[in-house]
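Summary of structural features
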Amino acid sequence: MATKPQLAIGIAISCLVPFVAFIGLLNNGKVADIQLATLASSLVAVLVGYAAFRRLNLFPGSYSGYMLMSMSASFALVALLMFMFRFDYSRPQLFTAYILAAVFFTAAQVAISEHKILRLGIVPGGRGDDPPAVRNVQWIRLESPSEPLPDLGGVVVDLRAELSDEWESAVASFALQGLPVYHAPDAFSQLTGLSPIEHLSENTLGSLNPNDLYLRFKSLVDRVLAAVLVLVLMPVLLAIALVIVLDSRGGAIFRQRRVGFRGEVFMIWKFRTMHVAQEAPALTEAHRVAMTMDNDPRITRVGRVLRRYRIDELPQIVNILAGDMSFIGPRPEAEALSSWYSQEIPFYHYRHILKPGLTGWAQVSQGHVAELADVRSKVYLDFFYIRYFSFWLDVLILLRTVAIISTGFGAK
């Protein structure tokens, strides 16, 4: 994350330089109201973009490109507001400020993220005996509570482990010295994006209860946006359906029973991407048939393209409009798979505390999976999303979804 001096330098470069330059170019050294208004708007855009990136950077998986996206979105928003309220401003000056801000802050973040290593001390015992491997994080095992501490960014300790009196005293001393002390499960969750739940504690259920106010707001936005998209995309959806029917035998739409919000079963809509089965699978193989494997021979030629760019998911906008789904949330599993996973993975059904989504934290972090061990990690990713359910996490998922659609990551 850029430091305060870098923020000040960035503001000077991106806001003051264009201001001074355009005073000389346009007004022969005289300050005009339009230059002052543009200076103020560019300053607001830089601060909003910087603040937005700071929020996104709280979650694992953030990268320097999000600084460029944040700055672009904030400057676009400021320009839109200026246009809507008919405020006079200098477009060349504001555009120059945007280019300078995007280049400077992105370059600064790249330099910081590429070279900064977070050194964390780890107290042995409990979860502290097995810290996860995380990029740009160096774990320093603290062998003795009496040894002087090396240069650290914080100390991680499993506060529920059976620690000796010496270690408990040392941990308290670390905190009194101003050194951040993190509970191991919370620290590992923040660093990896996973929230395993192997047993219930006194705080587990509370941490899985999402923000009800944001949940209601999000549901309203989902339905309004879905209604607009259905109208706008209808010609495109009809054209895709026609191509599917011409490519292989069968209808254009695939429907399947999925488990959704609070365990309710609903019928999901997708574009058909596989050849129509000649006969129904045996019940004992239902969960296997519901899976999509690597290089699955059932996928059609058109289906491979649709799956790669997630176009096959577009009909689920109708599910969102009906209130069965959200644009962002845990992906809904087929009924047969959900029944199987619930028997194998502890607390699997807790992922149904939110509406399932068209995209989600597990999808942008892991991609498509089929093996049970990978599904377990996927569920832990869903638990992380539920635990940190917020507007900013949704924004991060949306940004990563756009990047994934353009690359085809995780498609089967």
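Everything that follows concerns the structure shown earlier in this document.
This write-up is about the structure you can find in this document. As the structure is a prediction and not an experimental result, all values here were calculated from the model.

**Overview of the nonpolar core**
Generally speaking, soluble globular proteins have nonpolar side chains that are buried together. Counting residues in each nonpolar core, the largest one holds 60 residues, and the members touching the most others are V46, M71, F75, F105, W361, Y385 and L393. Sorting elements by how many residues they give to this core places helix α14 (residues 372-387) first, with 8 residues. Listed in part, the 13 residues of the second largest apolar core include I140, A161, A170 and L179.

**Comments concerning the packing of aromatic side chains**
For any pair of aromatic rings, the description consists of the separation of the ring centres together with the inter-plane angle of the planes. What the rule picks out here adds up to 15 aromatic pairs. Ring geometry for F391 against W392: centres 5.2 Å apart, planes inclined by 75°, an arrangement best described as edge-to-face. For W392, a relative accessible area of 23% corresponds to the partly exposed category. An aromatic cluster of at least three residues, connected via ring pairs, comprises Y214, F217, Y385 and F389. Between the NZ or CZ atom of R91 and the centre of the ring of Y89, over which it lies, the distance is 5.1 Å.

**What to know about the packing of helix α2 (residues 33-56) against helix α3 (residues 65-84)**
The N-to-C vectors of α2 and α3 enclose an angle of 140°; their axes lie 8 Å apart at closest approach. With respect to α3, the element α2 is oriented oblique. Considering how the two elements wind past one another, α2 and α3 form a crossing that is right-handed. Each of A37, S41, S42, V44, A45, V46, V48, G49, Y50, A52, F53 and L56 in α2 lies in contact with α3, whose residues at this interface are Y66, M67, S70, M71, S74, F75, V78 and M82.

**Comments concerning helix α10 (residues 301-308)**
Working note: α-helix, 3.6 residues per turn, so residues spaced by three or four point in the same direction. Of all the positions in α10, only V302, G303, L306 and R307 are classed as buried. The buried side chains of α10 occupy one side of the element, clustering within an arc of 130° when seen end-on. Elements that come into contact with the buried residues of α10 comprise α8 (212-247) and β6 (265-271). Where α10 begins, the capping side chain belongs to T300, and its oxygen is found 2.9 Å from the backbone nitrogen of G303. Downstream of α10 by a residue or two, R310 has a phi angle that is positive, lying close to 60°.

**Quick word on α14**
In this model α14 runs 22 Å from its N-terminal to its C-terminal C-alpha over 16 residues, within 8% of the 22 Å that 1.5 Å per residue would give. All of the buried residues along α14 are V375, K378, V379, Y380, L381, D382, F383, F384, Y385 and I386.

**Thoughts on the pairing of strand β3 (residues 154-157)**
Along any regular strand, the residues point their side chains to alternate faces of the sheet. Covered by surrounding structure in β3 are G154 and V156 together with V155 and V157, the residues of both alternating faces. Where strand β1 (residues 118-122) meets β3, 3 bridges bridge the pair, whose relative direction is parallel. When the sheet's bridge partners are listed, L120 is paired in β3 with G154. Pairing geometry for β3 and strand β4 (residues 181-183), over 3 bridges, is parallel. Each bridged residue has a counterpart across the sheet, and for V156 the counterpart in β4 is Y182. Note on the crossover from β3 through helix α5 (residues 165-176) to β4: the handedness is right-handed.

**Focus: the sheet that holds strand β2 (residues 137-141)**
Strands sit in the order β2-β1-β3-β4 across an open sheet of 4 strands; the sheet is parallel. Looking at the sheet topology across the chains shown, the edges are occupied by β2 and β4. Strand after strand, the sheet turns through a mean of 35° between neighbouring axes, direction not considered.

**Remarks on a negative patch on the surface**
On the surface, E162, D165, E166 and E168 cluster together into a patch of negative charge. Within the secondary structure, D165 is located in helix α5. A relative accessible area of 61% places D165 in the exposed class.

The rules behind the values
- Residues numbered from 1 in each chain as written.
- Predicted model: local features only at pLDDT ≥ 70, side-chain atom pairs only at ≥ 80, totals over all residues.
- Heavy atoms only, no water.
- Core = buried A, V, L, I, M, F, W, Y, C linked by side-chain atoms within 4.5 Å.
- Buried < 20%, exposed > 50% of the residue type's maximum accessible area, 1.4 Å probe, protein only.
- Helix = DSSP H or I, 4+ residues; strand = E, 2+ residues; numbered from the N terminus.
- Phe/Tyr/Trp six-rings, centres within 6.5 Å; stacked < 30°, edge-to-face > 60°.
- Lys NZ or Arg CZ within 6 Å of the ring centre and 35° of its normal.
- Axes fitted to C-alpha atoms, helices over the stretch in contact; angles between N-to-C directions.
- Parallel < 35°, antiparallel > 145°, perpendicular 65-115°, else oblique.
- Left-handed = near helix turned anticlockwise from the far one by under 90°.
- Contact = heavy atoms within 4.5 Å.
- Arc of directions from axis to C-beta.
- Polar contact = N/O pair within 3.5 Å; in protein donor to acceptor, adjacent residues only side chain to side chain.
- Expected span 1.5 Å × (residues − 1).
- Pairing = 2+ DSSP bridges.
- Right-handed = clockwise from strand over helix to strand, strands pointing away.
- Patch = residues over 30% accessible without salt bridge, like charges linked within 9 Å, V, L, I, M, F, W, Y side chains within 5 Å.
- Areas by Shrake-Rupley, 256 points an atom, 1.4 Å probe, with all protein chains shown as cover.
- Salt bridge = Lys/Arg side-chain N within 4 Å of Asp/Glu carboxyl O.
- Lys, Arg positive; Asp, Glu negative; His and termini not counted.
- Charge placed at Lys NZ, Arg CZ, Asp CG, Glu CD.

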